[in-house]
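One-letter residues, chain by chain:
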Amino acid sequence: MRTEPARVEAETSDPPAAHGAGLTGSGPVGAGPLQVTVTERSGPTGRRDLEWSVANTSDRPVRVRGVAVVLALAGADDPLRILRHGYQSWSPTGVATLGVDADPSERSDLELMQGIYHADQRRVRPGELRSEWVTVLRAAGGAAVLVGFDGGHLHDGVLRLRRTGSGAAELVCEAFLGDAELAAGESRPLHGISVVPDDGRGPAALLEDWAAEVGRRQGARTGAGFQVGWCSWYHYFHGITEEALRANLARADAWPFDVFQLDDGYQAAIGDWRLTNERFPSGLEAIASDIGAAGRRPGLWLAPFLAAPDSRVATEHPGWLAADPATGEPLLAFWNEPWGGGLDGFMYALDTTHPEVADHLERLAADLVAMGYGYLKLDFTFAPSFDGAWHDRSATPAQRVRSGFDAVRRGAGDDAFILGCGAPLAPVLGVVDGNRIGPDVAPRWTLGEGEETVAGYRDVEPATASAWADTAARSFMHRRLWLNDPDCVMLRASHTDLDPAAARTWAHAVGLSGGMVLVSDDLGLVGAEQRALFDEVVALGRASDAEAATGRPARCPDVMEVRPPTVLEAVGRRLTVDPVTGRSTLERVPVS
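In this text the structure is predicted, and so the values were computed from the model without any measurement.

**Let's talk about the overall build of the protein**
- Looking only at helices and strands, one finds twelve helices and 30 strands in the protein.
- Against the 2.2 N^0.38 benchmark of 25 Å for 592 residues, the protein shows a C-alpha radius of gyration of 23 Å, consistent with a compact globule.
- Seen along its three principal axes, the alpha-carbon backbone of the protein occupies a region of about 70 × 60 × 45 Å.
- Counting only residues that meet the buried cut, the protein has 60% of its 592 residues in that class.
- Long-range pairs, those at least 24 residues apart, make up 71% of the contacts in the protein between residues at least 6 apart in sequence.
- Considering the protein, the positive charge centre built from 55 side chains and the negative charge centre built from 81 side chains are found 5 Å apart.

**Thoughts on the packing of helix 11 (residues 500–513) against helix 12 (residues 528–549)**
- Where helix 11 meets helix 12, the axes come as close as 6 Å, and the angle between the chain directions of the two elements is 25°. When the interaxial angle is binned, helix 11 and helix 12 end up roughly parallel. Here helix 11 runs over helix 12; the crossing is right-handed. Packed against helix 11, whose contacting residues are Ala503, Arg504, Ala507, His508, Gly511, Leu512 and Ser513, the element helix 12 presents Glu529, Leu533, Glu536, Val537, Leu540, Gly541 and Ser544 at the interface.

**Quick look at the side chain of glutamine 267**
- Note on placement: glutamine 267 falls in strand 17 (residues 267–269).
- Within the structure, glutamine 267 has its side chain in polar contact with the backbone nitrogen of glycine 265 (distance 3.2 Å).
- In this view, glutamine 267 contacts Asp272, Trp273, Leu275, Thr276, Asn277, Trp301 and Trp339; residues no more than four positions away in its chain are not counted.

**Quick word on the pattern of salt bridges**
- Taken as a whole and judged by the stated rule, the model has 54 salt bridges.
- A salt bridge links glutamate 174 to arginine 160, with the nearest nitrogen and oxygen atoms 2.9 Å apart. Within this pair, whereas glutamate 174 is found in strand 13 (residues 169–182), its partner arginine 160 is found in strand 12 (residues 156–163), the two being separated by 14 residues in sequence.
- Overall, glutamate 174 belongs to the buried group, its relative accessible area being 7%.
- Between arginine 410 and glutamate 362 there is a salt bridge; the shortest N-O distance is 3.2 Å.

**Regarding the packing of aromatic side chains**
- Scanning the entire structure with this criterion turns up 23 aromatic pairs.
- Taking 6.3 Å as the distance between ring centres and 50° as the angle between the ring planes, the aromatic pair formed by tryptophan 301 and tryptophan 339 counts as tilted. In this pair, tryptophan 301 sits in strand 19 (residues 297–302) while tryptophan 339 sits in the loop between strand 21 (332–335) and strand 22 (346–349), placing the two residues 38 residues apart along the sequence. Of the two residues, tryptophan 301 and tryptophan 339, neither departs from the other in class, the shared state being buried.
- Here the aromatic residues Trp90, Trp273, Trp301, Phe334, Trp339, Phe380, Phe382 and Phe386 are joined through ring pairs into a cluster of three or more.

**Some thoughts on unusual backbone geometry**
- Here the bond from aspartate 14 into proline 15 is cis, since omega is 5°, no more than 30 degrees from zero.
- The omega torsion across aspartate 78 and proline 79 is -5°, close enough to zero to call that bond cis.
- You can see proline 79 is positioned in the loop between strand 6 (62–74) and strand 7 (81–84).
- The phi dihedral of aspartate 487 falls on the positive side, at around 105°, and the residue is not glycine.
- Looking at the secondary structure, you find aspartate 487 in the loop between strand 26 (483–485) and helix 11.
- Phi is positive for histidine 495, close to 55°, though the residue is something other than glycine.

**Description of the pairing of strand 2 (residues 16–22)**
- Judged from the seven bridges that link them, strand 1 (residues 2–14) and strand 2 form a sheet pairing that is antiparallel. Bridge assignment links glutamate 9 to a residue of strand 2, and that residue is glycine 20.
- As consecutive antiparallel partners, strand 1 and strand 2 are separated by one residue.

**Describing helix 12**
- With 22 residues, helix 12 extends 31 Å between its outermost C-alpha atoms, agreeing within 8% with the 32 Å of an ideal straight helix rising 1.5 Å per residue.
- Residues Gln530, Leu533, Phe534, Val537, Val538, Leu540, Gly541, Ser544, Asp545 and Ala548 constitute the buried set of helix 12.
- Summarising the contacts, the buried residues of helix 12 are in contact with strand 15 (228–231), helix 11, strand 27 (517–519), strand 28 (567–570) and strand 29 (573–577).
- Immediately downstream of helix 12, the backbone of glycine 551 shows phi near 100°, a positive value.

**Focus: the layout of surface pockets**
- As a volume, the largest pocket reaches approximately 950 Å³.
- Taken together, 35 residues form the lining of the largest pocket, with Phe334, Trp335, Asn336, Phe380 and Pro462 sitting closest to its centre.
- Of all elements in the fold, only helix 1 (111–117), helix 3 (233–236) and strand 21 reach the threshold of two or more residues within the lining of the largest pocket.
- With four residues, helix 1 is the largest single contributor of residues to the lining of the largest pocket.
- By residue class, the composition of the lining of the largest pocket is 23 nonpolar, three polar and nine charged.
- By volume, the second largest pocket amounts to about 500 Å³.
- Lining the second largest pocket are 24 residues, and of these Arg84, Pro92, Ala102, Pro104 and Asp459 lie nearest its centre.

**As for helix 7 (residues 355–371)**
- In a regular helix each residue adds 1.5 Å, so 17 residues correspond to 24 Å; helix 7 covers 24 Å between its end C-alpha atoms and thus fits that length.
- When we look at burial in helix 7, the residues that qualify are Val357, Ala358, His360, Leu361, Leu364, Ala365, Leu368 and Met371. Projection of helix 7 onto a plane perpendicular to its axis shows the buried side chains occupying an angular sector of 160°, all on one side.
- Packed against the buried residues of helix 7 are strand 18 (272–276), helix 5 (283–293), strand 19, helix 6 (312–316), strand 23 (375–378) and helix 8 (397–412).

About the thresholds
- Residues numbered from 1 in each chain as written.
- Predicted model: local features only at pLDDT ≥ 70, side-chain atom pairs only at ≥ 80, totals over all residues.
- Heavy atoms only, no water.
- Helix = DSSP H or I, 4+ residues; strand = E, 2+ residues; numbered from the N terminus.
- Rg over C-alpha atoms; globule rule 2.2 N^0.38 Å.
- Buried < 20%, exposed > 50% of the residue type's maximum accessible area, 1.4 Å probe, protein only.
- Contact = heavy atoms within 4.5 Å.
- Lys, Arg positive; Asp, Glu negative; His and termini not counted.
- Charge placed at Lys NZ, Arg CZ, Asp CG, Glu CD.
- Axes fitted to C-alpha atoms, helices over the stretch in contact; angles between N-to-C directions.
- Parallel < 35°, antiparallel > 145°, perpendicular 65-115°, else oblique.
- Left-handed = near helix turned anticlockwise from the far one by under 90°.
- Polar contact = N/O pair within 3.5 Å; in protein donor to acceptor, adjacent residues only side chain to side chain.
- Salt bridge = Lys/Arg side-chain N within 4 Å of Asp/Glu carboxyl O.
- Phe/Tyr/Trp six-rings, centres within 6.5 Å; stacked < 30°, edge-to-face > 60°.
- Pairing = 2+ DSSP bridges.
- Expected span 1.5 Å × (residues − 1).
- 1 Å grid on protein atoms, 1.4 Å probe; cavity = no way out; pocket = protein on both sides within 12 Å on 5 of 7 lines; lining within 4 Å.
- Points joined across faces, edges and corners; volume = space filled by probe spheres on them.
- Nonpolar A, V, L, I, M, F, W, Y, C, P; charged D, E, K, R; others polar.
- Arc of directions from axis to C-beta.

Take a look at the structure:
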């Protein structure tokens, strides 16, 4: 399959219009009020790199939805496969086939859900498949080719695979600006695009090389030590109490935990992170002090870019909230009924482009670190990416996300460990130390029949099978972009619907991935057999992580063959998983 830059496309929302122009070689191309300048460089083994920029050549501001270089794909015979890489931590990643599979937005009728899991919250064109940030394509009988953006802090990158009316295949490489306003005469650089054919080592090697290169370019934070810890979420959920937390802390003496993390359920309200509810009478500072005295690093969960309607931050600072442009009311950015908040679980988004919000986030992080929380888990951090009315009209969704993370990092300092979760992946590279790379696990392997909450989005809902799929597919990111967080191992044999064979499969997957290893059980329910499994996983994880640090991460050899994948390999071991039952085999294999 050969790729050839064919044309540029641009979409403006003010004025609303679509523009396109042919592209022949390097140079500027006019697209309505915009000028797109593309420079192409050829490299070894057929590699091509595109550097480009967009300029507003008109005499008035223009709001730009997106700008794209369209690659014509010659020899793209069916079946034409695409690795669909997900937008954020929980967005599914896996292979799909053009003309067979569908983008989940084609089945969805809820734009809020689409905005959570994709950079562009609108429904795709019929038949179009999309990937975010990076993709791999492979046509029938042909070699694979990787196409990826070299960063994500300036804007998101969306890769749209489709066939034209004549049946020709094309890949639209879009710099998604999300209605950002370009001033009259303004020019903006865009993230470069690399087109890299397979050199015979296979798709997994292409992805590993891309991640290593992008990580170097963008200052990836990959130097933190291997993380082992405890988290309160998957046993206690929102019902965690100080008493239960302290009971597990007392039992943790015999466990090799570095981190002891309090998750959702302690806060007085979403947005009021310094204030605890009645179940935590001692307050955060005393809890951190006692965790530290036990020899663990105190960790804390927060969703820093969300605010409950009845929270202090929302009621005392209404000007800090992003707005719905159609109504002027605060923008709704998530719904979680257990959070309450005065609006049946709907949450508002803080405007991370507002200078006062940036100051608030910086002070908040500094205060939490001063209390002793050197490990901060930042969750639901897609909130600033929604379409809306934002203080800085020139900021792209990616820049809004990045602005919030940058403010937290400034306050937390360089020594704090920041874990992204529900995080748009590309914008946070270089800020986070660790990143969740799959959906939540659950005390079950798969969803039951009829449990798909929103049509098309079954794979984003908590289930251990879905976590396995993305842990394997995104294994190439570990120690190249950040430390991968596969999510917690599930050890307990009671109070769970996860059978022992599936629990062992997931534990081995976490260990073999080399990523972070956290337990989220009531330690009082973990017996000797489960503890032995945990020790096995930590030993396996340390070995795999050490290999990843030398440039040999765990590898998923069938990432372009099946979704979900079935194989993960590292440190001379191969885990083969039945994605239906959760059963698996772990065997030794020769190390190449």
